[in-house]
Protein chains: 2
Amino acid sequence: MKLNERGLLVVLSGPSGVGKGTVRKALFDMPDQNLKYSVSMTTRKKRPGEVDGKDYYFVSREEFEKRLEEGKFLEHAEFVGNYYGTPLDKVEDDLQAGNEVILEIEVEGALQVRNKVKDAVLIFLVPPKREALYQRLRSRGTESEEVIQERIKKADREFKLAYKYDYIVVNDEVANAADRIMAIIRAEHAKTERSIHNYLKLIEED
Amino acid sequence: MKLNERGLLVVLSGPSGVGKGTVRKALFDMPDQNLKYSVSMTTRKKRPGEVDGKDYYFVSREEFEKRLEEGKFLEHAEFVGNYYGTPLDKVEDDLQAGNEVILEIEVEGALQVRNKVKDAVLIFLVPPKREALYQRLRSRGTESEEVIQERIKKADREFKLAYKYDYIVVNDEVANAADRIMAIIRAEHAKTERSIHNYLKLIEED
């Protein structure tokens, strides 16, 4: 019996290359979850295997900037020359329906959510070693050395922003990281500030 | 990989009759836990089946008051004419060793821990319905009607103190309640305020 009926806005973030996408997929593969993935919109090029509307909504720069002016993003960031953003419309509906909405986003966007949505749950995913992240960035093989260097510098700046998050989860093993995140979601629902309202109704009812 | 190495002081509390003891036993029966039960000291009479040093340390009123004067309790309370208290000595050792220490205590004692130990995790266990608790108090069969009435009045006062706790967990099914508590423990270890220290060491090391 869950006292808090509203879904949680869960922000899964961390430096580029830490494995946010893999951990997110492991979360959605878990049994008995009611997670909804908030598909981001981007102006970057589709990578091999990516599907429009599933991995991202791929749009032109023009289209993105139009929506930005109309206030249609919960957060957005520009990164290595491309825009990334979370479309607002579906998020609120999913939360109201009691689903947890998972945003898998860059650090810059996560901190925008921190300021806008007071009760969002911010999770900072980190590698077990800094070097492990550098290696992953290099081995991706889809980017030039220049882009890789830019990502490494960015990661180094982002490592220092962990203190702005609610939780720090080590991505030592994908399954462990996913388990920890599910535990965080369960625990957050039981938090007094989220559950006291329905608790009071419950004990008044008898 | 757990960033916070120190154990948590977990206070499992709630009105008398809510099933704290049963849930605590279910927690200790779970696999892969490293929980330590802090055995309380009491001046109340042993109930059938209870074992000294396991369920409680049973001592005389005189002995209890002597220890109280010596500051040897983390918390204590007097309830229906008997003292209950948590001996300090073992708790700190267990926390340092990385074990979670579970206190299963009355509301009055829990609020003393709230004031003394800032980073304790306070869990308020509640029945799915108020009436369910009254029934459980009546069906115990070891107490007089007078004591039962006293417990019911006390429960009614305690129901209003939920807001002082970190988490509210409904004891609808013992296994569910225990699962929720284990999730809370895992999540608390990942909390930024507990894990940032070791996280910073981790990223500096490379």
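Up top is the structure these notes are about.
Residues numbered from 1 in each chain as written. Chains lettered and ligands numbered in written order. Predicted model: local features only at pLDDT ≥ 70, side-chain atom pairs only at ≥ 80, totals over all residues. Heavy atoms only, no water.

Asks: In this structure, what is going on with the overall build of chain A? I would like to understand it.
Replies: When its secondary structure is counted, chain A shows eight helices and nine strands. Its C-alpha atoms give chain A principal-axis dimensions of roughly 65 × 40 × 30 Å. Across the 206 residues that make up chain A, the buried fraction comes to 55%. Look at the contacts in chain A between residues 6 or more apart in sequence, and 68% of them connect residues 24 or more apart. Surface exposure of chain A reaches about 9800 Å², of which carbon and sulfur atoms provide 48%. Computed over 35 positive and 38 negative side-chain charges, the inter-centroid distance for chain A is 4 Å. (Helix = DSSP H or I, 4+ residues; strand = E, 2+ residues; numbered from the N terminus. Buried < 20%, exposed > 50% of the residue type's maximum accessible area, 1.4 Å probe, protein only. Contact = heavy atoms within 4.5 Å. Areas by Shrake-Rupley, 256 points an atom, 1.4 Å probe, with all protein chains shown as cover. Lys, Arg positive; Asp, Glu negative; His and termini not counted. Charge placed at Lys NZ, Arg CZ, Asp CG, Glu CD.)

Asks: Is there a simple way to explain helix α6 (residues 145-159) of chain B in this structure?
Replies: All names here are of chain B. Here α6 contains 15 residues, and its C-alpha end-to-end distance of 21 Å stays within 8% of the 21 Å for a straight helix at 1.5 Å per residue. The set of residues buried in α6 consists of Val147, Ile148, Arg151, Ile152, Lys154, Ala155, Glu158 and Phe159. Buried residues along α6 cover an arc of 170° about the axis, so they all sit on one side. Exposed residues pointing more than 90 degrees away from the buried face of α6 are listed as Glu146, Lys153 and Arg157. (Expected span 1.5 Å × (residues − 1). Arc of directions from axis to C-beta.)

Asks: Got a minute to help me understand the pairing of strand β1 (residues 9-13) of chain A in this structure?
Replies: Regular strands place side chains that alternate from one sheet face to the opposite one. All names here are of chain A. Along β1, five of the five residues are buried, which leaves the element largely enclosed by surrounding structure. Across the two faces of β1 the burial is the same, with Leu9, Val11 and Ser13 and Val10 and Leu12 all buried. Where β1 meets strand β7 (residues 100-104), four bridges bridge the pair, whose relative direction is parallel. Bridging from a neighbouring strand, leucine 12 pairs with glutamate 104 of β7. Taken together, the four bridges between β1 and strand β8 (residues 121-126) define a ladder with parallel strand orientation. Paired with serine 13 across the bridge in β8 is phenylalanine 124. (Pairing = 2+ DSSP bridges.)

Asks: When you look at the nonpolar core in this model, what are you seeing that I'm missing?
Replies: Generally speaking, a soluble globular protein has its nonpolar side chains buried in company with each other. Membership of the largest hydrophobic core comes to 109 residues, with the highest contact counts inside it found for A:Leu9, A:Tyr199, B:Leu9 and B:Tyr199. When residues no more than four places from it in sequence are discounted, the contact partners of B:Leu9 are B:Leu74, B:Val91, B:Leu95, B:Val101, B:Leu103, B:Val113, B:Val117, B:Ala120 and B:Val121. Grouped together as the second largest cluster of nonpolar side chains are five residues, A:Met41, A:Val59, A:Phe64 and A:Tyr83 included. (Core = buried A, V, L, I, M, F, W, Y, C linked by side-chain atoms within 4.5 Å.)

Asks: Please explain the relation of the copies chain B and chain A as it appears in this structure.
Replies: Relating one copy of the chain to the other takes a rotation about an axis and a shift parallel to that axis. Mapping chain B onto chain A leaves a residual RMSD of 0.0 Å; the transformation is a rotation of 180° accompanied by 0.0 Å of translation along its axis. Expressed as an axis order, the relation between the two copies is that of a two-fold axis. Considering only C-alpha atoms, the part of chain B nearest the rotation axis is B:Ala183, at 2.2 Å. In this assembly the copies share their binding face: 100% of the residues contributing to the interface of chain B also contribute to that of chain A. (Least-squares fit on C-alpha atoms with pLDDT ≥ 70 in both.)

Asks: How do you make sense of the pattern of salt bridges when you look at a structure like this?
Replies: If you walk through the whole model with that rule in mind, you get 36 salt bridges over all chains. A salt bridge links A:Glu188 to A:Arg194; the nearest nitrogen and oxygen atoms lie 2.9 Å apart. Exposure remark for A:Glu188: the relative accessible area of 3% places this residue in the buried category. For B:Asp119, the salt bridge is made with B:Arg194, and the minimal N-O distance between the two is 3.7 Å. A residue pair is termed long-range when its members are at least 10 positions apart, and B:Asp119 in the loop between α4 (107-116) and β8 (121-126) and B:Arg194 in helix α8 (residues 192-205) qualify at 75 residues. (Salt bridge = Lys/Arg side-chain N within 4 Å of Asp/Glu carboxyl O.)

Asks: What is the right way to look at the environment of A:Gln112 in this model?
Replies: Residue and element names in this part refer to chain A. With respect to the element layout, glutamine 112 can be found in helix α4 (residues 107-116). The exposure class of glutamine 112 is partly exposed, given its relative accessible area of 22%. In this structure, the C-alpha to C-alpha distance between glutamine 112 and arginine 61, residues 51 residues apart in sequence, is 21 Å. Contacts of glutamine 112, omitting those with residues within four sequence positions, involve Glu75 and His76. In this structure the side chain of glutamine 112 is engaged in a polar contact, spanning 2.5 Å, whose partner is the backbone oxygen of histidine 76. (Polar contact = N/O pair within 3.5 Å; in protein donor to acceptor, adjacent residues only side chain to side chain.)

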